[in-house]
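Architecture at a glance
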Amino acid sequence: MLNVKDLSKYIFFIFGFISPIALLFFNIKLFLVIFVLLIFILQLIESFETKEFFVKKNILIYFLFVSFLSAIFSQNIYLSFVGSIDSFFIIFSLFLLFIFSGNILKKKEDVNLFISSICFGLIVDSIVIIASFIVGKYYSSIEPIIILVALALGISLYQLIFKKRKIELTINVIFSFIFICVLFVTGFKIAWFVASLFAFFIFWKKTQEQDFSFKDRKVLLSLIVFIFLFIISIFPNLISSSFDFNKSLSTQDSLNIVSKSITHNVKNFIFGAGPGTFNYNYALYFNKALIPMTVDQPALGLLTILSDFGVLGLLIFIICILKTIKYFLKNDSEKDNIIFILIFLLFISLLVWKIEMITLILLFIFLGIYEGFHGKDLKINFKVLSGVAIIYLIMSIAFFMYLFSEELSRKAANEYKDNIDQAIVKMEKASSLFNVSDYYVGLSQLYLLKATDIFNNNWTLSEHFETQKQENKKLIEGLVSKSEVTAERATIIDPHNFIAWQNLALIYENTSFIINNNNEKALDALNRAIELSPNNYLAYIAKGRIYEELKEKELALEEYKKAFSIYPQDKELEEKIEVLTNF
């Protein structure tokens, strides 16, 4: 009969298989939370039956605590707790994965089955990617999949070098060929680098087995594979990519922004600016060579941890990795080898690439497995475990509400041209479910679009022309009022969001044409936006445009020149400056 413990293991195997596939077709965060909830229920049942539950004493509990403090003191508590890839709720979920994986995947054969399930899932992904390349259809944001493919290639090569059964060798030859094809098709250099590091570990391990003799054919084979992969990873023109792997920010720009953020005050230095708040730091500190845009995280994962959780959080995270390395150096057993390599390379991926959800998930799972082999047990009372489960369930409900709101917001943004009334209903529902500034920004724009449409078409052939005109006027006034109120609401919810202030200025500017003159209010909102994003040239252009409307040519010219000094590539702006100068 299948017991709870075995069921938990099988669910882990299913998760390992489906999670890489989910990257292409599903929301990986939603998939993670459902999985954690399911495992948590099974762990509660098991601990209720045995009247005990054990966790491993680990420094990651302090990282979770620092994450909580960072979220509490962040600039946007909603975003920091549930609304981003690096939110406290996601860190909490990963910590639970760390605990559960250490308790469930204790045997070597179970760990091997979990790793194999991931590889089989990546085979499905690889076939889809190769097929999409052949037909000319490219998936966006496949970087985490390609990094996992590089790891899976390393696992297959490891099995080829160290396993002897023919069936295993045949399967891994096929797998290696498929994974190599994906790396060639995508041309993602970081993935080649990760694969080459894996190949180096294989070579080093094999030479150790042979007392550093190069007479063994597999030693030479592992060396050739390492050199081949490493050469491809360091020479830029050997392969080309058909996919777009832009980081959005360079490493240097990221370093500049993060360094200014953590030195802004003592709180930022110790606990960080808060999970999911890098976009505020980007708006405040990006240099003049960059175009203002929404940037969720810096170019490197460790910089994201430093920005979010401060020096304290980064140190705790690094100490946890160093502790794992210490375990490995003290006890280099066959059981530890593959797990340590995966932990190390997933950590390396944070050094050379930005944070990806699936790499974080696997990093915490393998850290938990490794800790399960070596760590000391700490007994937890069932009531305490139940209390944690209730807290996580409440946060999960809030998270599901957030995801539903996001979906409503996305649909509203896609449908407003075809049915603006339906789009307004969906955005209203999104903002009522979750108090997010962006929803109110979108809702204010939809109200304004509806009012503008009525204003531009305010005529009728009906005999009740005046009555209809008065009704339309009331509708316009009501929509304008709603537009202004919701735009103002966005700035109250998120006063550090320059986009919310810039949107408020846009609403005031446009409603000035319809009903009241709100140009002064618009200028005040733009001044606040510029405080939050000094190098945002679009805000200066908006100010110049309003001054033009107010017949203040000199002030308008001054603002346009400020904008042009930030972004001289704007040719239309250059022409406007010339016209005003010669007018």
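Description of the structure in this document. Treat the numbers as computed from the prediction; the structure is a model and nothing was measured.

One finds Phe-12, Leu-94, Phe-100, Phe-198, Phe-317, Ile-361 and Phe-366 to be the most contacted residues of the largest nonpolar core, which totals 157 residues. Among the elements that take part in this core, helix 7 (residues 143–162) stands out by supplying 15 residues, more than any other. Setting aside residues no more than four positions away along its own chain, Phe-317 makes contact with Phe-63, Leu-302, Ile-305, Phe-347, Leu-350, Leu-363 and Phe-364. Among the nonpolar cores identified, the runner-up in size contains 32 residues, and Phe-498, Ala-529, Tyr-547 and Ala-563 belong to it.

This paragraph deals with the layout of surface pockets. By volume, the second largest pocket is sized at about 450 Å³. Lining of the second largest pocket is provided by 22 residues; of these, Asn-112, Ser-116, Gln-159, Glu-168 and Asn-172 occupy positions nearest its centre. Elements represented by at least two residues in the lining of the second largest pocket include exactly helix 6 (108–135), helix 7, helix 8 (166–186) and helix 15 (334–352). In terms of residue class, the lining of the second largest pocket is made up of 11 nonpolar, five polar and six charged.

In the structure shown here, the tally under the stated rule is 39 aromatic pairs. Between Phe-40 and Tyr-392 the ring centres are 6.4 Å apart and the planes differ by 40 degrees, which places this aromatic pair in the tilted class. Of the two residues, Phe-40 is situated in helix 2 (residues 28–50) and Tyr-392 in helix 17 (residues 382–415); the sequence distance between them amounts to 352 residues. Residue Phe-40 shares its accessibility class with Tyr-392, and that shared class is buried. On the numbers, 6.4 Å between centres and 25 degrees between planes, the contact of Phe-200 with Trp-204 is stacked. Taken together, the positions of Phe-200 and Trp-204, both in helix 9 (residues 189–209) and four residues apart, correspond to about one turn of that helix. What links up through ring pairs into an aromatic cluster is the set Phe-40, Phe-68, Phe-81, Phe-88, Phe-89, Phe-92, Phe-100, Tyr-392, Phe-399 and Phe-400.

As a further point, take the packing of helix 8 against helix 9. Contact geometry of helix 8 with helix 9 gives a least axis separation of 9 Å together with a crossing angle of 145 degrees. Residues Ile-180, Leu-183 and Phe-184 of helix 8 touch helix 9, and the partners they reach there are Ala-191, Trp-192 and Ala-195. The class makeup of the residues in the contact of helix 8 with helix 9 is six nonpolar, no polar and no charged.

Turning next to the pattern of salt bridges. For the coordinates displayed, the defined rule picks out 14 salt bridges. Residue Glu-371 pairs with Lys-323 through a salt bridge whose shortest N-O separation is 3.7 Å. Here Lys-323 lies in helix 14 (residues 301–330) and Glu-371 lies in helix 16 (residues 357–374), a separation of 48 residues in the sequence. Owing to a relative accessible area of 4%, Glu-371 belongs among the buried residues under this scheme. By relative accessible area, Lys-323 is classed as partly exposed at 26%. Across the pair Glu-559 and Lys-543 runs a salt bridge, and its minimum N-O distance is 3.6 Å. With Glu-559 in helix 24 (residues 553–566) and Lys-543 in helix 23 (residues 537–549), this residue pair connects regions lying 16 residues apart in the sequence. Both residues of the pair, Glu-559 and Lys-543, count as buried. Three or more residues joined by partner-sharing salt bridges are found here, namely Lys-543, Glu-558, Glu-559 and Lys-562.

This paragraph deals with the side chain of Asn-497. Position of Asn-497 relative to the elements: it lies in the loop between helix 20 (465–493) and helix 21 (498–514). Among the polar contacts made by the side chain of Asn-497, one reaches the main-chain amide nitrogen of Ile-499 at a distance of 3.0 Å. Residue contacts for Asn-497: discarding those within four places in its chain leaves Tyr-280, Ser-437, Asp-438 and Leu-532.

Moving on: helix 24. An ideal rise of 1.5 Å per residue puts 20 Å on 14 residues; helix 24 measures up with 20 Å between its terminal C-alpha atoms. Regarding helix 24, the residues found buried are Ala-556, Leu-557, Glu-559, Tyr-560, Ala-563 and Ile-566. Elements in contact with the buried residues of helix 24: helix 23 and helix 25 (571–582).

Most of the time, phi is negative for any residue but glycine, and the peptide bond is trans. Notably, Lys-551 is not glycine yet its phi reads approximately 65 degrees, a positive angle. Assessed through its relative accessible area of 72%, Lys-551 is described here as exposed.

The next point concerns the environment of Leu-79. As for its position among the elements, Leu-79 is in helix 4 (residues 77–82). Along the backbone, Leu-79 and Ile-178 are 99 residues apart, and their C-alpha atoms lie at a distance of 40 Å. Leaving out residues up to four positions away in the same chain, Leu-79 has contacts with Ser-84, Ser-87, Pro-275 and Gly-276.

A rise of 1.5 Å per residue sets the reference length of helix 7, with its 20 residues, at 28 Å; its end C-alpha atoms lie 29 Å apart and thus fit the reference within 8%. With 20 of its 20 residues buried, helix 7 lies for the most part within the structure.

In this section: empty space enclosed by the protein. Counted according to the given criterion, the structure contains three cavities of 30 Å³ or more. Volume-wise, the largest cavity comes out at about 80 Å³. Those elements that provide at least two residues to the lining of the largest cavity are helix 6, helix 7 and helix 16. A class-by-class count of the residues in the lining of the largest cavity yields 11 nonpolar, no polar and no charged. By volume, the second largest cavity is sized at about 60 Å³. Taken together, Phe-63, Asp-86, Ile-91, Ile-305, Phe-309, Phe-317, Ile-355, Leu-360 and Phe-364 form the lining of the second largest cavity. Of all elements in the fold, only helix 14 and helix 16 reach the threshold of two or more residues within the lining of the second largest cavity.

About the criteria used
- Residues numbered from 1 in each chain as written.
- Predicted model: local features only at pLDDT ≥ 70, side-chain atom pairs only at ≥ 80, totals over all residues.
- Heavy atoms only, no water.
- Core = buried A, V, L, I, M, F, W, Y, C linked by side-chain atoms within 4.5 Å.
- Buried < 20%, exposed > 50% of the residue type's maximum accessible area, 1.4 Å probe, protein only.
- Helix = DSSP H or I, 4+ residues; strand = E, 2+ residues; numbered from the N terminus.
- Contact = heavy atoms within 4.5 Å.
- 1 Å grid on protein atoms, 1.4 Å probe; cavity = no way out; pocket = protein on both sides within 12 Å on 5 of 7 lines; lining within 4 Å.
- Points joined across faces, edges and corners; volume = space filled by probe spheres on them.
- Nonpolar A, V, L, I, M, F, W, Y, C, P; charged D, E, K, R; others polar.
- Phe/Tyr/Trp six-rings, centres within 6.5 Å; stacked < 30°, edge-to-face > 60°.
- Axes fitted to C-alpha atoms, helices over the stretch in contact; angles between N-to-C directions.
- Salt bridge = Lys/Arg side-chain N within 4 Å of Asp/Glu carboxyl O.
- Polar contact = N/O pair within 3.5 Å; in protein donor to acceptor, adjacent residues only side chain to side chain.
- Expected span 1.5 Å × (residues − 1).

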